[in-house]
Amino acid sequence: QVQLVESGGGLVQAGDSLRLSCEASGFSRYAMGWFRHAPGKGREFVSAISWSGGITYYADSVKGRFTISRDNAKNTVYLQMNSLKPEDTAVYYCAAGGRGAGRYSHLYDYWGQGTQVTVSS
């Protein structure tokens, strides 16, 4: 059974850092992505990484502040978030797909339940 479990969310102040983790089970060799959903907004692409880790993508809004990485031995993908801003407040979801990494949600077949990130000003 395919399962994605996110962790690492929380309440922080602007300028702080958080690291999100997404542990996968039930499949292998999938590209992974992070998306977020803020109240009153649609789902937004954040970052993605290929299975090998050699290709990464970032939304312009997080480029230079967030870093995606993965440890395939642990079946885990990470999102290191630095210099957090109140506008980063959202539920963050990880996703996995077999059609390569990319910015579009239709590339991903499996989704986690999400983890809340709240950044206070």
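Preceding this paragraph is the structure being described.
Residues numbered from 1 in each chain as written. Predicted model: local features only at pLDDT ≥ 70, side-chain atom pairs only at ≥ 80, totals over all residues. Heavy atoms only, no water.

J.: So what exactly am I meant to see when it comes to the packing of aromatic side chains here?
T.: Describing an aromatic ring pair means giving the distance of the ring centres and the angle of the ring planes. Summed over the entire model, instances satisfying the criterion amount to 5 aromatic pairs. With 5.6 Å between their ring centres and 75° between their planes, Phe 35 and Phe 45 make a pair best called edge-to-face. Of this pair, Phe 35 sits in strand β4 (residues 31-37) while Phe 45 sits in strand β5 (residues 43-49), placing them 10 residues apart in sequence. Per residue, the accessibility class of Phe 35 equals that of Phe 45, and both read buried. Between Phe 35 and Tyr 108, the aromatic rings sit 5.5 Å apart at their centres with planes inclined by 75°, giving edge-to-face as the arrangement. Here the residue Phe 35 occupies a position in strand β4, and Tyr 108 occupies one in the loop between β9 (90-97) and β10 (110-111), the gap between them amounting to 73 residues. (Phe/Tyr/Trp six-rings, centres within 6.5 Å; stacked < 30°, edge-to-face > 60°. Helix = DSSP H or I, 4+ residues; strand = E, 2+ residues; numbered from the N terminus. Buried < 20%, exposed > 50% of the residue type's maximum accessible area, 1.4 Å probe, protein only.)

J.: What's the story with the nonpolar core in this structure? I'm lost.
T.: Within soluble globular proteins, side chains that are nonpolar generally end up buried alongside one another. Among the nonpolar cores identified, the biggest contains 36 residues, and Leu 4, Trp 34, Phe 66, Leu 79, Met 81 and Tyr 92 are the most heavily contacted of them. Where this core is concerned, the elements lending two or more residues are β3 (18-25), β4, β5, β7 (66-71), β8 (76-81), β9 and β11 (115-120). When residues of this core are assigned to their parent elements, the largest contribution, 5 residues, is made by β9. Discounting residues that sit within four places of it in the chain, Tyr 92 has contacts with Glu 6, Leu 20, Trp 34, Phe 35, Arg 36, Val 46, Phe 66, Leu 79, Met 81, Gly 114, Thr 115 and Val 117. (Core = buried A, V, L, I, M, F, W, Y, C linked by side-chain atoms within 4.5 Å. Contact = heavy atoms within 4.5 Å.)

J.: When you look at the pattern of salt bridges in this model, what are you seeing that I'm missing?
T.: Note on pairing: side chains with opposite charge can pair once their charged atoms come close. Evaluated as defined, the whole model comprises 5 salt bridges. Notably, a salt bridge pairs Glu 44 with Arg 36, separated by 2.7 Å at the nearest N-O pair. A relative accessible area of 5% means that Arg 36 is categorised as buried. For the salt bridge of Lys 63 with Asp 60, the shortest nitrogen-to-oxygen distance reads 3.3 Å. One salt-bridge network, held together by shared partners, links Arg 36, Glu 44, Arg 65 and Asp 88. (Salt bridge = Lys/Arg side-chain N within 4 Å of Asp/Glu carboxyl O.)

J.: Please explain the environment of Arg 36 as it appears in this structure.
T.: Looking at the element boundaries, Arg 36 is found in strand β4. Excluding residues that lie within four positions of it along the chain, Arg 36 makes contacts with Gly 42, Arg 43, Glu 44, Val 46, Ser 61, Val 62, Phe 66, Glu 87, Asp 88, Ala 90, Val 91 and Tyr 92. Reaching out from Arg 36, the side chain makes a polar contact with the side chain of Tyr 92 at a distance of 2.9 Å. (Polar contact = N/O pair within 3.5 Å; in protein donor to acceptor, adjacent residues only side chain to side chain.)

J.: What is the right way to read the environment of Ala 96 from this model?
T.: The residue Ala 96 is located in strand β9 in this model. Residue Ala 96 is classed as buried on the basis of its relative accessible area, which comes to 0%. Separated by 11 residues in sequence, Ala 96 and Leu 107 place their C-alpha atoms 8.3 Å apart. Not counting residues up to four positions away in its chain, the partners in contact with Ala 96 are Leu 4, Phe 27, Tyr 30, Ala 31, Met 32, Tyr 108, Asp 109 and Tyr 110.

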